[in-house]
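Breakdown of the fold
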Amino acid sequence: QVQLVESGGGLVQPGGSPRLSCAASGTIFTIDAMGWSRQAPGKQRELVASITSYSSTSYADSVKGRFTISRDNAKNTVYLQMNSLKPEDTAVYYCNANIKRRSYDTPRNYWGQGTQVTVSS
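Summary of the structure given here. If you're wondering where the values come from, they're calculated on a predicted model, not measured in any experiment.

All right, on to the overall build of the protein then. The helix and strand tally for the protein stands at zero helices and eleven strands. Along the protein, helices and strands appear, N-terminal first, in the series β-β-β-β-β-β-β-β-β-β-β. Taking 2.2 N^0.38 as the reference for a compact globule, 121 residues should give roughly 14 Å; the C-alpha atoms of the protein span a radius of gyration of 14 Å, in line with that estimate. Along the first, second and third principal axes, the C-alpha set of the protein runs to 50 × 25 × 25 Å. Taking all 121 residues of the protein together, 40% fall into the buried category. Restricting to contacts in the protein with at least 6 residues of sequence separation, those with at least 24 account for 55%. Taken together, the 13 basic and 8 acidic charged side chains of the protein have centroids lying 4 Å from each other.

Following this line, the structure appears as structure tokens:
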């Protein structure tokens, strides 16, 4: 089995800078791309940021310049540093990872359970 567990969410004031973490555990051979998505009430889930296995990154226009995605391959962990938060960043944030459990497996995408980030004064 593979599990992705997010942490670091909560209530944040506008302008705050929390960091989300997502650790993958279980039977893991390799992790390819990892990412963060978010879903606000009444809206579709949107991809916020992604990072490849060689640390090439991409961002949604709405967070470019404010959010930074990074990863620690030794810890099977991906991070999302969020700066200058706005009320419209309020959402449940989900991490995902493309994981091969064994050398002969086809990579499969796994999701975390989500962590709530609420930006409010």
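The next subject is unusual backbone geometry. Phi is mostly negative for residues that are not glycine, and the peptide bonds are mostly trans. The phi angle at N76 is positive, at roughly 50°, despite the residue not being glycine. For N76, a relative accessible area of 24% corresponds to the partly exposed category.

Bridging between strand β4 (residues 30–39) and strand β9 (residues 91–100) involves eight bridges; their strand directions are antiparallel. Of the residues in β9, the one forming a bridge with I31 is I99. Of the pairings in the sheet, the one linking β4 to strand β5 (residues 46–51) comprises five bridges and is antiparallel in character. If you follow G35 over to β5, its bridge partner there is S50. Following β4, the chain reverses through six residues before pairing antiparallel with β5; G42 in that reversal takes a positive phi of roughly 75°.

Reading across from one edge, β1-β3-β8-β7 is the order of the four strands in this open sheet, with antiparallel pairing throughout. Pairing within the sheet leaves two strands with one partner each, and these edge strands are β1 (2–7) and β7 (67–72). Geometrically, the sheet is characterised by an average inter-axis angle of 15° between neighbouring strands, direction not taken into account.

This brings us to the side chain of T77. Turning to its location among the elements, T77 is positioned in strand β8 (residues 77–82). The buried category is assigned to T77, whose relative accessible area is 7%. Among the polar contacts made by the side chain of T77, one reaches the main-chain carbonyl oxygen of K75 at a distance of 2.8 Å. Once residues within four sequence positions are removed from consideration, T77 is found in contact with C22, A23, M34, S70, R71 and D72.

Analysis parameters
Residues numbered from 1 in each chain as written. Predicted model: local features only at pLDDT ≥ 70, side-chain atom pairs only at ≥ 80, totals over all residues. Heavy atoms only, no water. Helix = DSSP H or I, 4+ residues; strand = E, 2+ residues; numbered from the N terminus. Rg over C-alpha atoms; globule rule 2.2 N^0.38 Å. Buried < 20%, exposed > 50% of the residue type's maximum accessible area, 1.4 Å probe, protein only. Contact = heavy atoms within 4.5 Å. Lys, Arg positive; Asp, Glu negative; His and termini not counted. Charge placed at Lys NZ, Arg CZ, Asp CG, Glu CD. Pairing = 2+ DSSP bridges. Axes fitted to C-alpha atoms, helices over the stretch in contact; angles between N-to-C directions. Polar contact = N/O pair within 3.5 Å; in protein donor to acceptor, adjacent residues only side chain to side chain.

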